[in-house]
Amino acid sequence: MEKTIDETKQGETLVIPQKKENTKKLFIESYGCSMNFSDSEIVASILQNEGFNTTQHLEEADLVLVNTCSIRDKAEQTVRKRLEKYNAVKRINPKMKVGVLGCMAERLKSKFLEEEKIVDLVVGPDAYKDLPNLIAEVDEGRDAINVILSKEETYGDISPVRLNSNGVTAFVSITRGCDNMCTFCVVPFTRGRERSRDPQSIIEEINDLWAKGYKEITLLGQNVDSYLWYGGGLKKDFEKASDFEKATATDFAKLLELCAKAQPKMRIRFSTSNPQDMHLEVIETMAKYDNICNHIHLPVQSGSNRILKAMNRLHTREEYFTLIDNIKKIIPGCAISQDMIAGFPTETEQDHQDTLSLMEYVKYNFGYMFTYSERPGTLAERKFEDDIPEATKSRRLSEIIALQLKHSEYRTRQFLNTTVEVLIEKESKKSNQQWSGRTQHNIVCVFPKADYKVGDFVNVNVTDCTKATLIGEAIGLSNNN
Ligand code: SAH
Ligand code: F3S
């Protein structure tokens, strides 16, 4: 690091460390879950100190990094296609280096270097701090790889560089890895064991975001309700913690409360909740603080007890209903969304009907729905044959989506002729005369711009709606500003 001498104060000589001038260009793109998008902001921050600024133009990049997803086969195919595109660009810009980050890097390891000649660098989700060393190796003409998973790494000490930001909403990661071992899921293998981030560093990040003008954060983890800080270390080692560490531990309900109190005007969201780990305290904390948004993403995957068991989801359909009933009792009108998998091995028509009837009971506000994709190395791959024909999977998925659309419309229509508070995020895609934002229930709302600006909390009278979007008229700033 260069140093400069500042002699402005008489008699005192101050040595100020100066950042390297950023001359190199980094093109970074992300696929998959929010966690990947958040991780890319950590990577951009690490590389900023190494002389890289980000660019939106692939053609001018010195280094291209792609943060990858392995959750379904299709996600991996998308990345392979992108590598073909990089290959074409490399013919024009031969000095360009290409690195693969994230879950595919972890899953395929050195196979990536063999299979994809374009790739110079393979880095797993816990090894991003090693990037400067790995890039140095690549600069010397060698391929470089680090896919070691960690017991400690949470990147809590790194201040993310916000990428493609609207300046209003941001992700804050709170846990890494997952210990749940749902049989269909590759995440425990690609992201390692579960560990939580120091609450102090989470609060500092939130305070910093507020100071920079951000108005909404989403606390991120594969399984946020399992958050547990007792001074560091893996969740599974909590049993071995001292009595003092156990007594002073912070669980997710406590963390939510700390966040809500630290910035009472900041909107707080979180994702994702596995029903088996969601406790009443979390719902009660949500009810207690106005700034915690009344929306829970509560993936269930299937409505059949037999399939839930085969998926190693540790709750029954009935327990899920009890949780839903409690949510609705403690937080009337709370929005609930789902993830669903159609065509898990051995799924019968009756199992599928159970999924539809579960949906009928909950009437989710929205959802993310998929056909089952067998992932190499998972428990389901080892234990079951992928025996549901693709045509059957697709037909069941269509039925699930059609029902969800009906429920989304039903839920959205409930807001007609009411007043909702909207946080303005950006211009509407459909019209530059309109703002687009979201309600606390996570429903998109569009309305004429008038004199409002991005980042304002606005009260909007809802006059119309589509299946998933509210349309209205702003009647004034809300008193949250
Ligand atoms: N806890 C995670 C969920 C992991 S992946 C989160 O924070 O989002 C997101 C969703 O992908 C899962 O809820 C599940 O519905 C879906 N999914 C995971 N593995 C899958 C597979 N093998 N086939 C199809 N869908 C899958
Ligand atoms: Fe995957 Fe289940 Fe964890 S879906 S991320 S193993 S909670």
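Residues numbered from 1 in each chain as written. Chains lettered and ligands numbered in written order. Predicted model: local features only at pLDDT ≥ 70, side-chain atom pairs only at ≥ 80, totals over all residues. Heavy atoms only, no water.

Draft legend 1. Just the sheet that holds strand β21 (residues 444–448), in detail. Spatial ordering of the closed barrel is given by β19-β20-β21-β23-β22, a layout of 5 strands whose pairing is mixed. The mean inter-strand angle of the sheet, taken between neighbouring strand axes irrespective of direction, is 55°. One ladder, built from 5 bridges, connects strand β20 (residues 434–438) with β21; its direction is antiparallel. From the neighbouring strand, S436 faces β21, where its bridge partner is V446. (Pairing = 2+ DSSP bridges. Helix = DSSP H or I, 4+ residues; strand = E, 2+ residues; numbered from the N terminus. Axes fitted to C-alpha atoms, helices over the stretch in contact; angles between N-to-C directions.)

Draft legend 2. Quick peek at the nonpolar core. I202, L219, F252, L256, F270, L298 and Y364 are the most contacted members of the largest nonpolar core, which has 50 residues in total. Here the element with the most residues in this core is helix α9 (residues 252–262); it accounts for 6 residues. Setting aside chain neighbours within four positions, we find L298 in contact with S273, P275, M278, Y320, L323, I324, I327, I336, S337 and Q338. Ranked by size, the runner-up nonpolar core spans 24 residues in total, among them L26, L131, I135 and A144. (Core = buried A, V, L, I, M, F, W, Y, C linked by side-chain atoms within 4.5 Å. Buried < 20%, exposed > 50% of the residue type's maximum accessible area, 1.4 Å probe, protein only. Contact = heavy atoms within 4.5 Å.)

Draft legend 3. Looking closely at the side chain of S30. Assignment of secondary structure puts S30 in strand β3 (residues 24–30). Within the local environment of S30, its side chain forms a polar contact with the side chain of S40, the two groups lying 2.7 Å apart. (Polar contact = N/O pair within 3.5 Å; in protein donor to acceptor, adjacent residues only side chain to side chain.)

Draft legend 4. Looking closely at unusual backbone geometry. Residue T272 is bonded to the preceding S271 through a cis peptide linkage, with omega at 10°. Assignment of secondary structure puts T272 in the loop between β15 (267–271) and α10 (280–288). Phi is positive for N164, close to 45°, though the residue is something other than glycine. Mapped onto the fold, N164 is located in the loop between β8 (144–146) and β9 (169–173).

Draft legend 5. Spatial organisation of the site of ligand 2. With respect to spatial proximity, the complete set of residues near ligand 2 consists of C178, N180, M181, C182, F184, C185, V187, P188, Q222, N274 and R313. Looking at side-chain class alone, the shell around ligand 2 contains 7 nonpolar, 3 polar and 1 charged residues. (Near = heavy atom within 4 Å. Nonpolar A, V, L, I, M, F, W, Y, C, P; charged D, E, K, R; others polar.)

Draft legend 6. Quick peek at the pairing of strand β5 (residues 63–68). Here β5 lies mainly inside the structure; 6 of its 6 residues are buried. Burial along β5 is two-sided: the face carrying L63, L65 and N67 and the face carrying V64, V66 and T68 are both buried. In this sheet, β5 lies alongside β3 in parallel orientation, the contact comprising 5 bridges. The residue of β5 that forms the bridge with I28 is L65. Summarising the sheet, β5 and strand β6 (residues 97–102) pair through 6 bridges and their orientation is parallel. By the bridge assignment for β6, V66 is matched with V100. Once you follow β5 into helix α2 (residues 73–92) and on to β6, the crossover reads as right-handed. (Right-handed = clockwise from strand over helix to strand, strands pointing away.)

Draft legend 7. Spatial organisation of the site of ligand 1. In the vicinity of ligand 1 lie 14 residues, with Q222, T272, Q301, D339 and S373 positioned nearest. At a separation of 3.0 Å, a nitrogen atom of ligand 1 approaches a polar backbone atom of F184. Note that an oxygen atom of ligand 1 is positioned 2.6 Å from one of the side-chain N or O atoms of D339. For ligand 1, the protein covers 87% of the area, taking 540 Å² as the surface of the free molecule. Among the elements of the structure, β17 (335–342) and β18 (366–371) are those that each provide at least two residues to the shell around ligand 1. Residue classes in the shell around ligand 1 are distributed as 5 nonpolar, 6 polar and 3 charged. (Areas by Shrake-Rupley, 256 points an atom, 1.4 Å probe, with all protein chains shown as cover.)

Draft legend 8. The UniProt feature "binding site: [4Fe-4S] cluster 1" (unreviewed entry) in the protein chain, seen in detail. In this structure's numbering, the residues bearing the UniProt feature "binding site: [4Fe-4S] cluster 1" (unreviewed entry) are C33, C69 and C103. Their sequence span is 71 residues, while the largest C-alpha to C-alpha distance among them is just 10.5 Å; these annotated residues converge on one region. With respect to the helices and strands, C69 occurs in the loop between β5 and α2. Beyond its immediate chain neighbours, meaning those up to four positions away, C69 contacts Y31, G32, N36, A75, E76, C103 and M104. You can see C103 is positioned in helix α3 (residues 103–108). If we skip the residues at most four places from it in the chain, C103 touches T68, C69, S70, T190 and R191. (UniProt positions renumbered as here; feature names shortened; annotations may be inferred.)

Draft legend 9. Local environment of the sheet that holds β18. On the basis of which strands lie adjacent, the open sheet formed by 3 strands has the order β16-β17-β18 and parallel pairing. Every interior strand has two partners, whereas the edge strands, β16 (295–297) and β18, have only one. Ignoring strand direction, the axes of neighbouring strands in this sheet form an average angle of 10°.

Draft legend 10. Molecular detail of the domain arrangement of the protein chain. Per the domain assignment, the segments making up the protein chain are domain 1 (2–146), domain 2 (169–413) and domain 3 (419–477). Centre-to-centre, using C-alpha coordinates, domain 2 lies 27 Å away from domain 3. Across the boundary between the two partners, domain 2 contributes 20 residues, which contact 18 residues of domain 3. In this assembly, domain 2 packs against domain 3 so that about 1400 Å² is buried in total across both faces, 54% of it on carbon and sulfur atoms. Looking only at domain 2, the three residues that lose the most surface to domain 3 are K215, R267 and T412, adding up to 40% of its buried area. One can count 2 salt bridges joining domain 2 with domain 3. We note a salt bridge from R267 to E421, for which the minimum N-O separation is 3.9 Å. For the pair domain 2 and domain 3, the number of links is 9 residue pairs in polar contact (both at pLDDT 80 or more). Contributions of two or more residues to the side of domain 2 that touches domain 3 are made by β15 and α15 (390–413). The leading source of residues in the side of domain 2 that touches domain 3 is α15, at 5 residues. A class-by-class count of the residues in the side of domain 2 that touches domain 3 yields 6 nonpolar, 7 polar and 7 charged. (Domains from an automatic or database assignment. Buried area = accessible area lost by both parts, 1.4 Å probe. Salt bridge = Lys/Arg side-chain N within 4 Å of Asp/Glu carboxyl O.)

Draft legend 11. Region of the structure containing the environment of N67. For N67, the location among the structural elements is in strand β5. C-alpha of N67 to C-alpha of V43: the two residues are 24 residues apart in sequence and 9.8 Å apart in space. When sequence neighbours within four positions are dropped, the list of residues in contact with N67 reads E29, S30, Y31, N36, D39, S40, L101, G102 and Y128. Side-chain polar atoms of N67 contact the side chain of S40, separated by 3.0 Å.

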